[in-house]
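Geometric and topological summary
Chain by chain, the residues run as shown.
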Amino acid sequence: MRASKSIVIKLIIVIMLSCTVIFSITLSYNYYQSRVILERELESNARNLALSLVNRVEAELLSVSKVADGMSRMLEICRYDEQVLHSLLKTTVDENPSIYGSSISFDPFAFDKSRRLFAPYYFRENGITQFKPLDKSYKYLEYLYWDWFQIPRELGRSEWSEPYFDEGGGETLMATYSVPFYEIQDGKKRFKGIVSADMGLESLTKLISSVKILNSGYAALYSRTGMVLAHPLKNVIMNETIFNIAEERKEPLIREFGKKMIAGESGFVHFYNLGGIKSWMYYAPIRSTGWTLIVVFPESELLENVRTLSLTMAAIGVTGIILLTLTVAFIAHSITKPLRQLAAATQVVASGNFEVALPDVHTQDEVGILTNAFQMMTKSLKDYIRNLTETTAAKERIQSELKVAGDIQLSLLPRIFPPFPDHKDFDIFALMDPAKEVGGDFYDFFFIDRDKLCFLIADVSDKGVPAALYMMVTKTLLKSEGQRLGDPDIILSSVNNILAVDDDSCMFATVFLAVLDLKNGEVRFANAGHNPPLLVKEHEVKCLSLHTGFVIGPMPDSCYKTEKITLSPGDILFLYTDGITEAKNHEEMLFGEKRLIESLNKTPTDSVKEMIYSIRENVRIFSQDCSQSDDITMLAIKYNGPDETK
């Protein structure tokens, strides 16, 4: 009963979780796609709205600039006096509601040689056109030094000023469009003055605020330096810049799109507005002034319908999952009922009793198939356990025998160093590290007579037990024939002929064998297909040039050549097998002869033991703890010169 309920519960959990995950993914994807589509539509609508507002603002600015341009051209081609100028300015302000005020400001003595400054100014105040002489009304700074006069005079072209408070003039926040006008004297163009037309920021604010954007969205206007010109929050107008706001709120994103705004770019960004509400914003430049218009849409209002739809879908989905869970529970309980007897029987089998009888099932459905499979499994388990017991015992016996064989093999190699402590005329050290329990590499050294030391290194083909057996036979023959014959080429020829007689397995060995005369340092050697030794002489490592020779074992009557070199005191011969140079790392790169020579160059030559251990460590580091694929064997002999005490 417990097993049946367990399956039912698991089935319910799996189906419910699967349905929940699928539904959650579907709902999330639907929400995401809806949001993406909405954002795409929002960007398009925001662009259109912003461009529409930009066009309206541009139209207002254009209407102001055209009037000023016309006045400038008229002054350049017509004759005028003070009365004409007053009439012209008053008529201009009266007939152009977009213009807050207008002036014609002359360069010093340009209007009248007897008057230094002359700048009549007409402006609208409470619906009535008023007059002020700017040459007298500015208390602290003459109009000559105001930006609206200086900048267009220096640039020689019309220009919109940055918004400012016209203290002493229009006494309000405004932006001024200034146009220079000239006169021709003696064929030369001479600057005469500035025609200016003012536009009050209050009118721009009303124009921008007239646009309704959702419930709490808004439009705003920024100057080309990032100053707030129009905004629903009155306290920030002309008091804050986009960069002040970014610094106060520590938001680099606002600083970044502030840079883009003043660069005249347009874009669509996600940010927190001045009220701290997560919003979308589209910004676009007003080309004529360099200002930027922004349109802000609160995200919560945009996504309100999407969230409502998602919550409705979620409620429907949860209800469906609950109904599906109840249905699955009922069906699963009915289906799992026949499994009760089988579950009880298999618990007895699991305890180790393979003789228990499984219940009879006559159906051919999954339960019947499962029962038959359990019957076959019980029989197979009994057979498997019996075979496993026998195999494990045999494997343990083989492992034990291989360990003993490995110990025996290592015991056949000289392992006590220094092997001849009474001999000061040479130092010798060797190491063999098998890749398996037993190996095919070996080394040996022994005296042929009182002053001649025979030393050798060999590598048997193949690995494991066959190589180990062949190695022991070869080592024994090399030592016995070496002590009997003495000459390297004759020793190798004799051992080769003996091995070739019964070499049905076609095994072979590479051998380098040498005889060192301790009196004079002469080394006589012969090679049977082995790696050439390395000579370390005065901290210089070089490879011996020698006759390769054929391997010993597979072919009788092979010929070998005895060669010789003479060692000076301090010279070292380094013998090795290909397990060194063919060691690999994880990138399948070989250690190689070049890297071996470099390692020997860096290794101190005072101790041959330290030299061999240093090379072994370098190989281990290079291999990056990769499994060893071949036996590693090294032998180093250092000639110290003749022993004068003997």
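All residue numbers refer to position in the chain's written sequence, counted from 1. Local features are withheld for residues below a pLDDT of 70 in this predicted model, meaning they are given only at 70 or higher, and side-chain atom pairs are given and counted only at 80 or more; totals for whole chains, interfaces and linings count all residues. Heavy atoms throughout the structure, all of them, feed into the side-chain values; hydrogens and water do not.

Interhelical geometry of helix H15 (residues 592–602) versus helix H16 (residues 608–623) gives an angle of 135° and a closest axis separation of 10 Å. In terms of orientation, H15 and H16 fall into the oblique class. Relative to H16, H15 is oriented so that their crossing is right-handed. Residues Arg 595, Leu 596, Ser 599 and Leu 600 of H15 form the contact with H16, whose participating residues are Met 611, Ile 615, Asn 618 and Phe 622. Following the grouping adopted for this structure description, the nonpolar residues are Ala, Val, Leu, Ile, Met, Phe, Trp, Tyr, Cys and Pro, the charged ones are Asp, Glu, Lys and Arg, and the polar ones are all others, Gly among them. Tallied by class, the residues present in the contact of H15 with H16 amount to 5 nonpolar, 2 polar and 1 charged. In this description, a line fitted to the C-alpha atoms serves as the axis of each element, helices being fitted only across the stretch in contact, and the angle between N-to-C directions of two axes falls anywhere from 0 to 180 degrees. Put simply, DSSP H or I for four residues or longer makes a helix, DSSP E for two residues or longer makes a strand, and each gets a number counted from the N terminus. Working rule for angles: under 35 degrees goes down as roughly parallel, over 145 as roughly antiparallel, 65 to 115 as roughly perpendicular, anything else as oblique. Here a crossing is called left-handed whenever its near helix is offset anticlockwise from the far helix by less than a right angle, and right-handed whenever the offset is clockwise. Contacts are residue-level and defined by heavy atoms, with any inter-residue pair within 4.5 Å sufficient.

Two strands pair if DSSP finds at least two bridges between them. In space, the 5 strands of this open sheet follow the order E14-E15-E16-E17-E20, with antiparallel pairing throughout. Where the open sheet ends on each side, the last strands, each with one partner, are strand E14 (441–449) and strand E20 (563–566). Sheet twist, expressed as the average angle between the axes of neighbouring strands with direction ignored, equals 20°. Judged from the 4 bridges that link them, strand E17 (residues 522–528) and E20 form a sheet pairing that is antiparallel. The partner of Glu 522 across the bridge, within E20, is Thr 566. Packing against the sheet, helix H12 (residues 464–485) makes contact with E14, strand E15 (452–460) and strand E16 (509–517), and its axis sits at approximately 15° to E14. With respect to the sheet, helix H13 (residues 488–501) is in contact with E16 and E17, its orientation differing from that of E17 by roughly 30°.

A few words now on the packing of H12 against H13. Packing of H12 against H13 leaves a shortest axis separation of 9 Å and a crossing angle of 140°. By the angle class used here, H12 and H13 are oblique. Our pair here, H12 against H13, has a crossing hand that is right-handed. Residues Tyr 470, Val 473, Thr 474, Leu 477, Leu 478, Glu 481, Gly 482, Arg 484 and Leu 485 of H12 lie in contact with H13, whose contacting residues are Ile 490, Ile 491, Leu 492, Ser 494, Val 495, Ile 498 and Leu 499. Grouping the amino acids of the contact of H12 with H13 by side-chain chemistry returns 11 nonpolar, 3 polar and 2 charged.

Right, let's talk about the side chain of Thr 603 for a bit. Within the fold, Thr 603 resides in the loop between H15 and H16. For Thr 603, a relative accessible area of 6% corresponds to the buried category. Here a polar contact is recorded for every N or O atom pair within 3.5 Å, except that within protein the pair must consist of a potential hydrogen donor and a potential acceptor, and residues adjacent in sequence are included only if both atoms are side-chain atoms. In this structure the side chain of Thr 603 is engaged in a polar contact, spanning 2.6 Å, whose partner is the backbone oxygen of Ser 599. Only protein chains enter the accessibility calculation, which uses a 1.4 Å probe; a residue whose area is less than 20% of its type maximum is buried, one above 50% is exposed, and one in between is partly exposed.

Following Phe 417, the chain continues to Pro 418 via a peptide bond in cis, the omega torsion being 0°. Relative to the assigned elements, Pro 418 resides in the loop between helix H11 (366–412) and strand E13 (426–433). Its identity as a non-glycine residue notwithstanding, Glu 588 has a phi of 65°, on the positive side. By the element assignment, Glu 588 lies in the loop between helix H14 (578–581) and H15.

By the criterion of burial, E14 is predominantly enclosed, with 7 of the 9 residues buried. Note: E14 against E15, 8 bridges, orientation antiparallel. By the bridge assignment for E15, Asp 444 is matched with Leu 456. Joining the antiparallel neighbours E14 and E15 is a turn of 2 residues.

This brings us to helix H4 (residues 147–155). Residues of H4 that are buried include every one of Trp 148, Phe 149 and Pro 152, and no others. Around the axis of H4, the buried residues are gathered within 100° of arc, so they sit on the same side. Immediately beyond the C-terminal end of H4, within one or two residues, lies Gly 156, with a positive phi of roughly 75°. Regarding the arc, it is the one traced by the directions from the helix axis to the C-beta atoms.

The buried count for strand E6 (residues 173–185) comes to 10 of 13 residues, which makes it a mostly enclosed element. Pairing between strand E5 (residues 164–165) and E6: 2 bridges, direction antiparallel. The residue of E6 that forms the bridge with Phe 165 is Leu 173. For E6 and strand E7 (residues 188–200), the ladder comprises 12 bridges, and the chain directions are antiparallel. Across the sheet, residue Gln 185 finds its bridge partner in E7, namely Lys 188. The antiparallel hairpin formed by E6 and E7 contains 2 residues in its connecting segment, where Asp 186 sits at a positive phi of about 55°.

Only Phe, Tyr and Trp rings are paired, with Trp represented by its six-membered ring, and only when their centres lie within 6.5 Å; those with planes under 30 degrees apart are stacked, over 60 edge-to-face, the remainder tilted. Under the defined criterion, the tally for this structure stands at 31 aromatic pairs. What links up through ring pairs into an aromatic cluster is the set Phe 417, Phe 420, Phe 426, Phe 429, Tyr 443, Phe 445, Phe 447 and Tyr 613. Two conditions define a charge sitting above a ring: the NZ of Lys or the CZ of Arg must be within 6 Å of the ring centre, and it must be within 35 degrees of the ring normal. The positively charged end of Arg 595 is found above the aromatic ring belonging to Phe 591, 6.0 Å away from the centroid.

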